[in-house]
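# Structural features, examined
For reference, the chains in residue letters:
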Amino acid sequence: MSSAITVRDYQNLIDGQWVAAADGDTFERVSPAHDVVVGRYPSAGVEDLGRAVVAARRAFDEGPWPTMPGVERARILNRVAEAIRANADDLAYVEALESGKPVTQAHDEVVSSADLWEYAATLCRHTYGDTYNTLGASMFGMVLREPVGVVGMITPWNFPLLIISQKLPFALAVGCTAVVKPAEITPGTTLRLAQLAQEAGLPEGVLNVVTGPGRVIGTPLAAHPDVDMISFTGSTDVGRRVIEASKSNLKKVELELGGKNPQLVFADADLDAALDAVVYGVYFNMGECCNSGSRLLVQRSIADEFTARVVERSRTVPVGDPLDPTTKVGAIATDEQLSKIVELVDSGRAEGADLLLGGGRLATERGRFMAPTVFAGVDPAMRIAREEIFGPVLSVLTFDTPEEAARIANATPFGLSAGVWTRDLDTAIGMSRAIRAGTIWVNTFLDGYPELPFGGYGESGIGREFGRFSIDAFTELKSVQMHLGPRTSWWMPRPGVAPR
Ligand code: NAD
């Protein structure tokens, strides 16, 4: 398969022009599954970033994008959605090669991305403020909702097209302009998306994409005084650095960060359905997923039998070439990520958890693949119960009562999502209330809808994406207070107040 893979050359989009980096520097991406170069991109520096910000600033300040009728913005966003669908095979292929994820899964993500653009298009025509006709006969109040301005977007490598599609169309819908910095190991589909958006009629400067390392252009983007907002998805550590950099002009910050998400399986659940979702939830995207169901909390009365079934099912998960349509688990994105996974697995062994399956890198001719791994006997205090592993590693913990289940579920600094498996309505609603996380799935896992807000509690982030709620992030509210008729003068004596 790898012999047919060819390298693609990309350029950055700045002010409507496709350009190389100012100093001509480039960097390459090697497919983590095939060990061949698949993409070459401009290595942008602060000069390139500066030009991108100037372009986005001008496109915002001078228009026409922010003041264009919503219906016209909606037409363009819908055209982008159509173009994404029309190019789905190619986008999925690029995504699979750069990230290592299975191409069939990448295809699903491309289709979901198109859906996000279509949904956001509806918001172009449904973003509005409020009026107050209750302030007295001489006053009228209006609340205007205005685009926040130039938005810097920094995205990770695990769902490159999907995550930029969770931000960009929503920001564009309300009239913002953008400077996007994709992860340096997976920039291909973001640059292709920019090309499709340009062809769909997005005016020059509204969308700019610069590629390069986070420290070189990510931090300066977060610190830039002409950027009004940063929307960041990535690790909690880098999220902290983004907040630090954003302090320069106290810009608005929205963060989607890591997770250590539990799936709670109660004894009364449909255990076949739960089994399928537990295995899917932890191995989906090689576990390189913020929503990974990396902790299984199982009720003690069924723990041994259910865990044994999880191990048996895990043995059957097809790991291999992302371009093979039967593959469910592809390659780990980088050597660095694989080392991090192995280090955490070693910590699990050292802290006394029982390794039931896997536990290391798979021996393959090329690429980097991790064996599906299951630990039982995990204590909530262990690192593998608290830290995001970002690999195909499941930590099994047990509980007796719903109260104990909720306590363990909440015993990490994160709060992104959780799965609850039960047939009992009280348990389902009780757990949905008790778990401190932005998304609770009941008798399902990893579904997502553009209508429903997504984001995290605690160290999983700040703010929400998706749905009409995403409009809050990308808009400012302005109160306009209007006086009707003669206004009471400041100099007029007020009744009951004696002049001094
Ligand atoms: P990362 O934090 O290493 O990188 C994310 C982005 O930040 C990349 O574009 C990177 O170049 C940039 N960056 C790196 N250092 C920077 C710096 N000092 N200043 C500014 N930008 C910098 O994350 P990753 O490894 O690409 O992605 C994995 C992480 O993302 C995981 O923790 C995962 O949970 C999280 N994630 C969260 C969500 C969510 O919606 N909550 C979704 C996907 C991934």
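Please read these numbers as outputs of a predicted model, since none were measured by experiment.

### Some remarks on the site of the ligand
- Lining the immediate environment of the ligand, one finds 27 residues, of which Thr155, Glu184, Ser235, Leu257 and Glu388 sit closest.
- Separating an oxygen atom of the ligand from a backbone N or O atom of Gly234 is a distance of 3.2 Å.
- Taking Leu257, its main chain carries an N or O atom lying 2.7 Å from a nitrogen atom of the ligand.
- If you tally residues by element for the shell around the ligand, the top one is helix α7 (residues 214–223), at 3 residues.
- For the shell around the ligand, the two domains that each supply at least three residues are domain 1 (2–256 + 467–479) and domain 2 (262–442).

### Remarks on the packing of aromatic side chains
- Within the structure shown, the criterion is met by 10 aromatic pairs.
- Note on Phe159 and Phe284: the rings are 5.9 Å apart at their centroids and 20° apart in plane angle, and the pair reads as stacked. Here Phe284 lies in the loop between α9 (271–283) and β14 (295–299) and Phe159 lies in the loop between β8 (150–154) and α5 (160–173), a separation of 125 residues in the sequence. Grouping residues by exposure puts Phe159 and Phe284 together as buried.
- Ring centres 5.5 Å apart and planes at 65° place the aromatic pair Tyr280 and Phe284 in the edge-to-face group.
- Tyr280 sits in the partly exposed class, given a relative accessible area of 37%.
- In textbook terms, an aromatic cluster arises when at least three aromatic residues are bridged by ring pairs, as seen for Tyr10, Phe27 and Tyr41.
- Stacked on the ring of Trp65, the Lys or Arg Arg73 has its end atom at 5.8 Å from the ring centre.

### Quick notes on unusual backbone geometry
- Look at the link from Gly63 to Pro64: it is a cis peptide, with omega at 10°.
- Here Pro64 is to be found in the loop between α1 (46–61) and α2 (70–86).
- Positive phi, close to 55°, is recorded for Asp15, a residue that is not glycine.
- Judged by relative accessible area, Asp15 falls into the partly exposed class, the value being 23%.

### Considering the sheet that holds strand β16 (residues 373–376)
- Taken in spatial order, the 7 strands line up as β15-β16-β17-β14-β13-β18-β19 in an open sheet, and their pairing is mixed. Each edge of the open sheet is held by one strand with a lone partner, namely β15 (354–357) and β19 (439–442). Each adjacent strand pair in this sheet contributes to an overall mean axis angle of 20°, direction not counted.
- Note: β16 against strand β17 (residues 393–399), 3 bridges, orientation parallel. Bridge pairing links Phe375 to Ser395 in β17.
- Packed onto the sheet, α9 meets β13 (262–265), β14, β16, β17 and β18 (417–421) and runs at close to 170° relative to β13.
- In the packing of helix α10 (residues 300–315) onto the sheet, contacts are made with β13, β14, β15, β16 and β17, and the angle to β14 comes to roughly 140°.

### Considerations on the domain arrangement of the chain
- According to the domain assignment, the chain consists of domain 1 (2–256 + 467–479) and domain 2 (262–442).
- Taking only C-alpha atoms into account, the centre of domain 1 sits 31 Å from that of domain 2.
- The interface of domain 1 with domain 2 comprises 24 residues on the first partner and 25 residues on the second.
- Of the roughly 1800 Å² buried at the junction of domain 1 and domain 2 (both faces included), carbon and sulfur atoms supply 60%.
- Counting the contacts that link domain 1 with domain 2 gives 1 salt bridge.
- Among the salt bridges present, the one from Arg368 reaches Asp35, with a minimum N-O distance of 3.2 Å.

### Some details on α7
- All buried positions along α7 are accounted for by Ile217, Gly218, Leu221 and Ala222. Down the axis of α7, the buried set is contained in an arc of 130°. They therefore lie on one face.
- Those residues of α7 hidden inside the fold are in contact with α1, β8, β9 (177–181), β11 (229–233) and α8 (236–246).

### Points about α5
- For α5, with 14 residues, the first-to-last C-alpha span of 20 Å sits near the 20 Å given by 1.5 Å per residue.
- The largest bend along α5 measures about 25° and falls at Gln166, with the proline Pro169 one to four residues further on.
- Of all 14 residues in α5, 14 are buried, a share of seventy percent or more.
- Immediately downstream of α5, the backbone of Gly175 shows phi near 105°, a positive value.

### Describing the sheet that holds strand β6 (residues 130–132)
- Pairing is antiparallel in the open sheet, where 3 strands are placed in the order β6-β7-β21. If you trace the sheet from one side to the other, it starts and ends with β6 and β21 (475–483), each paired once. For this sheet, the mean angle separating the axes of adjacent strands, direction not counted, is 20°.
- Sheet analysis places β6 next to strand β7 (residues 139–147), joined by 3 bridges and oriented antiparallel. Across the sheet, Tyr132 pairs through a bridge with Gly141, a residue of β7.

### Focus: the side chain of Gln299
- Checked against the element boundaries, Gln299 lands in strand β14.
- Engagement of the side chain of Gln299 in a polar contact is seen with the backbone nitrogen of Ala267, the distance being 2.9 Å.
- Each residue touching Gln299, except ones within four places of it in the same chain, is listed here: Val265, Phe266, Ala267, Phe399 and Asp400.

### Observations regarding the environment of Gly239
- Secondary-structure assignment places Gly239 in helix α8.
- We classify Gly239 as buried; its relative accessible area is 1%.
- Remark: the alpha-carbon pair of Gly239 and Gly456, spanning 217 residues in sequence, is separated by 13 Å.
- When sequence neighbours within four positions are dropped, the list of residues in contact with Gly239 reads Phe232, Leu255 and Leu257.

Reading the values: the criteria
- Residues numbered from 1 in each chain as written.
- Predicted model: local features only at pLDDT ≥ 70, side-chain atom pairs only at ≥ 80, totals over all residues.
- Heavy atoms only, no water.
- Near = heavy atom within 4 Å.
- Polar contact = N/O pair within 3.5 Å; in protein donor to acceptor, adjacent residues only side chain to side chain.
- Helix = DSSP H or I, 4+ residues; strand = E, 2+ residues; numbered from the N terminus.
- Domains from an automatic or database assignment.
- Phe/Tyr/Trp six-rings, centres within 6.5 Å; stacked < 30°, edge-to-face > 60°.
- Buried < 20%, exposed > 50% of the residue type's maximum accessible area, 1.4 Å probe, protein only.
- Lys NZ or Arg CZ within 6 Å of the ring centre and 35° of its normal.
- Pairing = 2+ DSSP bridges.
- Axes fitted to C-alpha atoms, helices over the stretch in contact; angles between N-to-C directions.
- Contact = heavy atoms within 4.5 Å.
- Buried area = accessible area lost by both parts, 1.4 Å probe.
- Salt bridge = Lys/Arg side-chain N within 4 Å of Asp/Glu carboxyl O.
- Arc of directions from axis to C-beta.
- Expected span 1.5 Å × (residues − 1).
- Bend = angle between axes of the 7 residues up to and from the residue.

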